[in-house]
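Structural overview
Spelled out from the first residue to the last, the chains are:
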Protein chains: 4
Amino acid sequence: MSIRVTVWNECRHEKEDEIVGLVYPETIGGAIADGLKDHGFRPTVRTLDDEEQGLSASLLANTDVLIWWGHRYHDEVDDEKVDLVQERVIGGMGLIALHSAHHARVFKRLMGTSCNFAWRESDDGERERLWTIQPGHPIAESVPPYVELPKSEMYGEPFDIPAPDELVFVSWYEGGDVMRSGCVFHRGRGRVFYFAPGHETFPIYRDVHVRRILANAVRYVNQPHAGGWRYDHWARPIPLEQGAPKQTLFKKPRAAARRRSGRNSRTS
Amino acid sequence: MSIRVTVWNECRHEKEDEIVGLVYPETIGGAIADGLKDHGFRPTVRTLDDEEQGLSASLLANTDVLIWWGHRYHDEVDDEKVDLVQERVIGGMGLIALHSAHHARVFKRLMGTSCNFAWRESDDGERERLWTIQPGHPIAESVPPYVELPKSEMYGEPFDIPAPDELVFVSWYEGGDVMRSGCVFHRGRGRVFYFAPGHETFPIYRDVHVRRILANAVRYVNQPHAGGWRYDHWARPIPLEQGAPKQTLFKKPRAAARRRSGRNSRTS
Amino acid sequence: MSIRVTVWNECRHEKEDEIVGLVYPETIGGAIADGLKDHGFRPTVRTLDDEEQGLSASLLANTDVLIWWGHRYHDEVDDEKVDLVQERVIGGMGLIALHSAHHARVFKRLMGTSCNFAWRESDDGERERLWTIQPGHPIAESVPPYVELPKSEMYGEPFDIPAPDELVFVSWYEGGDVMRSGCVFHRGRGRVFYFAPGHETFPIYRDVHVRRILANAVRYVNQPHAGGWRYDHWARPIPLEQGAPKQTLFKKPRAAARRRSGRNSRTS
Amino acid sequence: MSIRVTVWNECRHEKEDEIVGLVYPETIGGAIADGLKDHGFRPTVRTLDDEEQGLSASLLANTDVLIWWGHRYHDEVDDEKVDLVQERVIGGMGLIALHSAHHARVFKRLMGTSCNFAWRESDDGERERLWTIQPGHPIAESVPPYVELPKSEMYGEPFDIPAPDELVFVSWYEGGDVMRSGCVFHRGRGRVFYFAPGHETFPIYRDVHVRRILANAVRYVNQPHAGGWRYDHWARPIPLEQGAPKQTLFKKPRAAARRRSGRNSRTS
């Protein structure tokens, strides 16, 4: 089955800021989608101003990999949507958080940290060189030892994230900074990839290598399989060992607790 | 300087449930505090029903290590308190989450996952054997190869947490289950220790080994040093390299963003 | 392209020990190979007593995934073969180390630790219950929450390995012990999977779940791609930044060093 | 008790190469030792040309932290010495591997990989900026956000090491490269710190920040405690659970195996 990809983006800068409109007439989400089409995907594009903020339960239920680009309007995303995306990731949906999505509520929710870092938006950008730290990683397939981005916004250390489960790329900046710019995190059954490049005023999402990285990332964060079970608040009153003590009574608060966090119901 | 420890606990079961009152006449928080006193600490004890839910900004500002025991009333803890504890952990405060605090909002916030697991509360408890996986770890100092808890509640895998940065203990249960029962996580500048044993109806917090583990954990999660900087949304408009592009203009939304996530202001 | 699997095993117990011969008339390596055939692989089987110890350079050069079962005769494996296997793993060959291969020289070489653990070989075996810690992991595909092995040898903690990059299974034993029994390690471009079950006197390699786990593991440790470069002692005398200092002279000892560790030459 | 530090270095360049002799008249090992004296340590200095290559069993038995600087003569270090250092690290001795010690046999033995990386020795050095990734880490105490080294040798990615257990520093280079330049690894009971800066022709070991980093690292890799047990090939014939199967007979080969890898005997 082909991977069902949804590209979500604020899509406000394109309207508000002439420069962005000129750089991305197809919108940022459109440019990301075009790159994925080059690699055979048929992404769905949604924006903050779409119905249900472009994040309906049915769309998310039918999304294998969600790509997220947000910047200025993180706070407008409803709690309910943040909860829903988190649940889906824990349940196995892949998430790719791009550039300023480091401060997206869904990303911060999954990290548990401030996700702060240092930054410098020089007027015409500065050179970024993206180094491949793990050449054998699936996300690095057909990616050269390093990728040069002639004009980029500096996003630099210290980056307040939990230690990544897999560190794939580290960036060098002309101005003298470094960044863990390609990081994989595992949350529940889901895989999350944070990728730093992608400022709205530079055509980074048209770069052939960046497009390949994103296509590789989509394949990588797509859930390997949906079998087994979800992570459950799972009552096992009957012990597996004969003669071991059983649980005979269930207390109401338990039931309440079960309802409370029972989102991840066991799959058969 | 001695470590300032605050023991927070719901302290409701002790009043609501006769058995708990008999097992812990000094309250659960009191028993934890007594154990720490055995090791030379002078903990402060607070409960959910204290003023400001026992979590005032001034208390947290003067707490080096916060110990958290909660179970049925996680949802009563105010958003503002959850935010505050998270900020303090990112800023360097140590946190020890005990037993059913796996579903405490502060713990789930820091993990980013459901923190669900399997469980069995057999009427008289079942035997748990806590294995020390990393004998050289500071939290394992003077802890024997394994600790037997004759009556415990089963908390078992699968446990929906991010991979721990350090796995110190793994538990065996009489009923046939296993658990990653002693896990260290790093979040921002803070260290978090989750420790599974500690059901309200068994006197586990009087066990000499458990008391030593908690005392070791307090020393370990205490911030190693407060120097350097906090993790900051940190503007660095002037590049470090001569001739590299500068940033000359700050956009308002940036300022807003800075305020929004600017909690962690640079120190020194 | 189908994955080229080589199953290497000592194949001495089968001849020396009547019980083992009765349990595994097809030999242990043969049983492992049969399990892989059930899943569509066409493994090659080699033994310690084959020509070149069953580890010729040409065979290894044409092996994508090497499965290793050894026990009593680890010390007979030649240095040259240990070097060769290590080089191939660093170059991208997958390795699956089974049961007592924890003390195989190739495994210890890749871990850098003693790989010691606790053990108990009860006369008729004891029950082992293998818990799936990461239900969404590719190696756990179609594997139930736990697998019961009625007769197994206890291999228990503390297990002296570096912290696994991925912990997939943890075992419970009837006798009261636990074990990190399914661990993934990344070394160079290669993936290594250690799987604890598989004592020579019990028909564990005929278990349908164990066979599935090994088939999943073969797919998982198989190199995702061979592109990019190998990890190289890589001279880059010309800086990437204009005006940055160049290296003009190469010192002999450098060249020697290059030869010395230059095994991993860059691929185009 | 104060930490017993041994600084081991080849100490050949100083005699062979006039420039090195001028930069480090006190020898490289001497400069490292002087830095530690600034921080209150009383290090012992040993060299490759000392009796027993400066690595006698008695010295190592009385060393809490071993600092290693080697470059051209890695291959001269005897197998027996490599074995001994590895055993001591597994047993709890701290190890700090400096600069070109990435190819020291003891370091490669503990990593299990080639430890290759890219390098450029520009004639007069190039600027390196060492970024502190984990400001709260004990090794970063009193270390500024970044340390500038005006003249350094480029050691760059890809660096063939297992994923570090803790990544403390990442370096930026004038020539356009990056490096994970400060990495902590846990091996057995021992902690290992690799620190990249320190070329023989630049006075880096006189830098006040580098000296502080090394002093912090000595404190950090020093074994937290020596209690509990060593990682042992540990027979537990008697199960911990009543009625569980016992082991009644020990097979000779087992005994042999025990001797073979029985170096780490249990401590009381």
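For the structure given in this document, a descriptive report is provided here. (Residues numbered from 1 in each chain as written. Chains lettered and ligands numbered in written order. Predicted model: local features only at pLDDT ≥ 70, side-chain atom pairs only at ≥ 80, totals over all residues. Heavy atoms only, no water.)

Description of the sheet that holds strand β5 (residues 118–120) of chain A
Here three strands make up an open sheet; going across it, the order is β8(A)-β5(A)-β12(B) and the pairing mixed. A single partner strand is all that each edge strand has here, and the edge strands are β8 (154–156) of chain A together with β12 (234–235) of chain B. Relative to β12(B), β5(A) runs parallel, the two sharing two bridges. Bridge pairing links Ala118(A) to Trp234(B) in β12(B). (Pairing = 2+ DSSP bridges. Helix = DSSP H or I, 4+ residues; strand = E, 2+ residues; numbered from the N terminus.)

Section: unusual backbone geometry
With an omega dihedral of 5°, the bond running from Glu157(C) to Pro158(C) counts as a cis peptide bond. Position of Pro158(C) among the secondary structure elements: in the loop between β8 (154–156) and β9 (166–173). Despite not being glycine, Glu52(D) shows a phi value in the positive range, around 55°. Residue placement: Glu52(D) occurs in the loop between β2 (44–47) and α4 (57–61). The phi dihedral of His99(D) is positive, around 50°, even though this residue is not glycine. You can see His99(D) is positioned in the loop between β4 (94–98) and α6 (105–111).

Re the relation of the copies chain B and chain A
Of the two same-sequence chains, chain B is brought onto chain A (RMSD 0.0 Å, axial shift 0.0 Å) by a rotation of 180°. Accordingly, the operation relating the two chain copies is best matched by a two-fold axis. The position closest to the rotation axis in chain B is occupied by the C-alpha of Gly112(B), lying 2.7 Å away. In this assembly, 99% of the residues forming the interface of chain B have copies in chain A that are likewise at the interface, indicating an isologous arrangement. (Least-squares fit on C-alpha atoms with pLDDT ≥ 70 in both. Contact = heavy atoms within 4.5 Å.)

Here's the deal with the interface of chain A and chain C
Across the contact, 27 residues belong to chain A and 27 residues belong to chain C. Roughly 2,400 Å² is buried in total at the junction of chain A and chain C, and carbon and sulfur atoms are behind 60% of that figure. Looking at the side of chain A facing chain C, the largest losses of area belong to Pro135(A), His225(A) and Trp229(A), adding up to 25% of the total buried there. Taken together, the connections running from chain A to chain C amount to four salt bridges. With a closest N to O distance of 2.5 Å, Glu241(C) and Arg129(A) form a salt bridge. At the boundary of chain A with chain C, the tally comes to twelve residue pairs in polar contact (both at pLDDT 80 or more). It is strand β6 (residues 126–132) of chain A that provides the largest number of residues to the side of chain A that touches chain C, a total of four residues. For the side of chain A that touches chain C, the per-class residue count stands at 14 nonpolar, five polar and eight charged. (Buried area = accessible area lost by both parts, 1.4 Å probe. Salt bridge = Lys/Arg side-chain N within 4 Å of Asp/Glu carboxyl O. Polar contact = N/O pair within 3.5 Å; in protein donor to acceptor, adjacent residues only side chain to side chain. Nonpolar A, V, L, I, M, F, W, Y, C, P; charged D, E, K, R; others polar.)

With respect to the relation of the copies chain A and chain C
Taken as rigid bodies, chain A and chain C are interconverted by a rotation of 180° and an axial shift of 0.0 Å, the fit giving an RMSD of 0.0 Å. With an isologous cut-off of 70% or more, the 100% of interface residues of chain A that recur at the interface of chain C puts this contact in the isologous class.

Examining the interface of chain B and chain A
In this assembly, 70 residues from chain B lie in contact with 69 residues from chain A. Taking both partners together, chain B and chain A bury about 5,500 Å²; carbon and sulfur atoms supply 48% of that area. For the pair chain B and chain A, the number of links is two salt bridges. Here chain B is connected to chain A by 32 residue pairs in polar contact (both at pLDDT 80 or more). Elements that contribute at least two residues to the side of chain B that touches chain A include exactly α5 (79–91), α6 (105–111), β5 (118–120), β8 (154–156), β10 (178–187), β12 and α8 (252–260) of chain B. For the side of chain B that touches chain A, the per-class residue count stands at 25 nonpolar, 21 polar and 24 charged.

Thoughts on helix α5 (residues 79–91) of chain D
In this model α5(D) runs 18 Å from its N-terminal to its C-terminal C-alpha over 13 residues, within 8% of the 18 Å that 1.5 Å per residue would give. The inward-facing, buried residues of α5(D) abut α4, β3 (65–69), β4, α6, β10 (178–187) and β11 (190–195) of chain D. (Expected span 1.5 Å × (residues − 1).)

Here we look at the sheet that holds β11(D)
All names here are of chain D. Here we have nine strands laid out as an open sheet, ordered β2-β1-β3-β4-β11-β10-β9-β6-β7, and mixed in their pairing. Taken across any chain shown, the strands that pair with only one partner, and hence form the sheet edges, are β2 and β7 (146–152). The mean angle between the axes of side-by-side strands here comes to 20°, regardless of whether they run parallel or antiparallel. Pairing of β3 with β4, which is carried by five bridges, proceeds in the parallel orientation. When the sheet's bridge partners are listed, Trp69 is paired in β4 with Leu98. Seen against the sheet, helix α3 (residues 28–38) touches β1 (5–9), β2, β3 and β4 and runs at an angle of roughly 155° to β1. On top of the sheet, α5 reaches β3, β4, β10 and β11; it is set at about 115° to β11, its chief contact. (Axes fitted to C-alpha atoms, helices over the stretch in contact; angles between N-to-C directions.)

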